[in-house]
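Commentary on secondary and tertiary structure
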Amino acid sequence: MDRHGALDVSRRSPFACWFSSMLFCFGGAVLSGMMMAEPPVAPLSNSTNVLLASIIWYLVFYCPQDLVYCCAALLPLRLVLSGMKEVTRTWKVLGGVTQAHGKYKDSLLVMIAIGWAKGAGGGLMSNFEQLVRGVWKPETNELLKMSYPTKITLIGAVLFALQQTNYLPLQKHHLMLIYTIFTVVNKSRMLLTGSSTSPFAVIESAVYKTLFASSSPYAALVSETEKTPADDCTTAEKTSVATTKESSENGTAGRRSLKAKEQAEEADTRNCKKSN
C-alpha cells in the first residue's frame, strides 16, 4: 500500500491496518493453503511468527517520531532488508513447489501454481487487501498488470518445478544459489539506480510481438469495431451540418420567392389603377 494511504488507515482503524499487514506477511501461506484444500488459518497457528510480525507492524506505524520507518528507509539498511526478503522468497517458492510435489508428483502446472502463490501471495491477494482498507481498484489486479516481484516469483516457480520433475538438469542447491544471487543482485541494482524497469521487458516485448500481436481477422474486426463509434459520430455530424445547410438554403429560397410574389402583386395593382 502507498505510504499516505497506510498512514490514513492506521489512524482511522488500527485493526484494519494490522489485518492488512498480516495479509502481506502471511498471504502466500494462506493462499497456497486454500489451493491445497488446507485450513487458511493454519499459517496463523505459529504464535511466534504472528507476534513478531505484529511487533514490527506496531513499531513501523506507531513508533515515536517515526524512528523505525526513517531508519528502514536509509539506503544501506534497505539494501540489507531487500536482500533478506529475496532470500526468503526463494525458500517460500521452493517450499510451495515441494509441498505440491508431495501430493501431485506428475502435475507440473499444480507445482508452479502453488509455488507462485506461496512466494507472491501478498501481491496476488492485493485486491482483497484493498477491500480491507476500504479501497477498490480492480485495475491494479496482478494478473492484469504483473509487478516485478510477481514476475520473478513466477519464473522461480517454473524453474523449481522443472527441477523437481527432472526436466532441468541441476541440483536443487545449485538452482537455489543461482536464483537467489540473481534476485538479490537485480533488486539491489533497482534500488541503487532508482529504476523500476523489469530486466525481462525486452524479452516480454519480443514474445508478445511474435506470438500475440500478429495480424489476424479478429484484430481487424476489433479495429473496425473501435472505429465504428467515431465514424458514426462523424457521419451524424456531417448529416446534421448538411441538414442545417439545406434548411438554411430552403429558408432563403422561400423568402426570395415570397418577396418576388409580393412584388408581382404590387405590379398588377399598379397596372389596374392605370387602366382605370
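Residues numbered from 1 in each chain as written. Predicted model: local features only at pLDDT ≥ 70, side-chain atom pairs only at ≥ 80, totals over all residues. Heavy atoms only, no water.

1. Notes on the nonpolar core
One finds Val-97 and Phe-160 to be the most contacted residues of the largest nonpolar core, which totals 20 residues. Of all elements in the fold, only helix H5 (75-103), helix H6 (108-124), helix H8 (148-164) and helix H9 (172-193) reach the threshold of two or more residues within this core. Counting residues in hydrophobic clusters, the runner-up holds 11 residues, among them Ala-16, Cys-17, Met-22 and Val-30. (Core = buried A, V, L, I, M, F, W, Y, C linked by side-chain atoms within 4.5 Å. Buried < 20%, exposed > 50% of the residue type's maximum accessible area, 1.4 Å probe, protein only. Helix = DSSP H or I, 4+ residues; strand = E, 2+ residues; numbered from the N terminus.)

2. Let's talk about the pattern of salt bridges
Per the counting criterion, the structure on display carries 5 salt bridges. Here Asp-8 and Arg-12 are joined by a salt bridge, their closest N and O atoms 2.9 Å apart. Pair noted here: Asp-8 and Arg-12 are both in helix H1 (residues 3-12), with a separation of 4 residues, about one helical turn. Its salt-bridge partner being Glu-204, residue Lys-151 comes within 3.1 Å of it at the nearest N-O pair. On the criterion of sequence distance, the pair formed by Lys-151 in helix H8 and Glu-204 in helix H10 (residues 201-211) is long-range, its members being 53 residues apart. By relative accessible area, Lys-151 is classed as buried at 18%. (Salt bridge = Lys/Arg side-chain N within 4 Å of Asp/Glu carboxyl O.)

3. Notes on the layout of surface pockets
Of the pockets and cavities examined, the second largest pocket occupies roughly 200 Å³. Trp-18, Phe-19, Met-22, Leu-23, Phe-26, Val-30, Pro-40, Val-41, Leu-44, Val-50, Met-125 and Phe-128 are the residues that line the second largest pocket. Element by element, the count of residues in the lining of the second largest pocket is highest for helix H2 (residues 14-35), at 6 residues. (1 Å grid on protein atoms, 1.4 Å probe; cavity = no way out; pocket = protein on both sides within 12 Å on 5 of 7 lines; lining within 4 Å. Points joined across faces, edges and corners; volume = space filled by probe spheres on them.)

4. Concerning the packing of aromatic side chains
Two aromatic rings, taken as a pair, are described by how far apart their centres are and by the angle between their planes. Taken as a whole, this structure holds 10 aromatic pairs when the rule is applied. Geometrically, the ring pair formed by Trp-57 and Phe-61 is tilted, given 6.4 Å between the ring centres and 50 degrees between the ring planes. Note that Trp-57 and Phe-61 are positioned in helix H3 (residues 47-62) at a spacing of 4 residues, about one turn of the helix. We classify Trp-57 as buried; its relative accessible area is 13%. Residue Phe-61 is classed as buried on the basis of its relative accessible area, which comes to 15%. These aromatic residues form a ring-pair network of at least three members: Trp-57, Tyr-58, Phe-61 and Tyr-62. (Phe/Tyr/Trp six-rings, centres within 6.5 Å; stacked < 30°, edge-to-face > 60°.)

5. Remarks on the environment of His-101
When you line up the elements, His-101 lands in helix H5. Discounting residues that sit within four places of it in the chain, His-101 has contacts with Met-111 and Gln-164. (Contact = heavy atoms within 4.5 Å.)

6. Remarks on the packing of H2 against H3
Look at H2 against H3: their axes get within 10 Å of each other, and the N-to-C directions meet at 125 degrees. When the axes of H2 and H3 are compared, the pair comes out oblique. The element H2 and its partner H3 pack so that their crossing is right-handed. Contacts from Pro-14, Cys-17, Trp-18, Ser-21, Met-22, Cys-25 and Phe-26 in H2 reach Asn-49, Val-50, Ala-53, Ser-54, Trp-57, Phe-61 and Tyr-62 in H3. Residues that form the contact of H2 with H3 fall into these classes: 11 nonpolar, 3 polar and no charged. (Axes fitted to C-alpha atoms, helices over the stretch in contact; angles between N-to-C directions. Parallel < 35°, antiparallel > 145°, perpendicular 65-115°, else oblique. Left-handed = near helix turned anticlockwise from the far one by under 90°. Nonpolar A, V, L, I, M, F, W, Y, C, P; charged D, E, K, R; others polar.)

7. What about a nonpolar patch on the surface?
A cluster of nonpolar residues, Phe-15, Phe-19, Phe-128, Leu-131 and Trp-136, forms a patch on the protein surface that exposes about 570 Å² of accessible area. Of all elements in the fold, only H2 and helix H7 (126-132) reach the threshold of two or more residues within the nonpolar patch. Checked against the element boundaries, Trp-136 lands in the loop between H7 and H8. Take Trp-136: its relative accessible area is 55%, and that puts it in the exposed class. (Patch = residues over 30% accessible without salt bridge, like charges linked within 9 Å, V, L, I, M, F, W, Y side chains within 5 Å. Areas by Shrake-Rupley, 256 points an atom, 1.4 Å probe, with all protein chains shown as cover.)

8. Observations regarding unusual backbone geometry
Non-glycine residue Ala-37 carries a positive phi angle of around 60 degrees. In this fold, Ala-37 is placed in the loop between H2 and H3. The class of Ala-37 is exposed, set by a relative accessible area of 72%. Of note, Asp-66 is a non-glycine position whose phi angle comes to about 55 degrees, a positive value. When you line up the elements, Asp-66 lands in the loop between H3 and helix H4 (67-72). Given the relative accessible area of 22%, Asp-66 is considered partly exposed.

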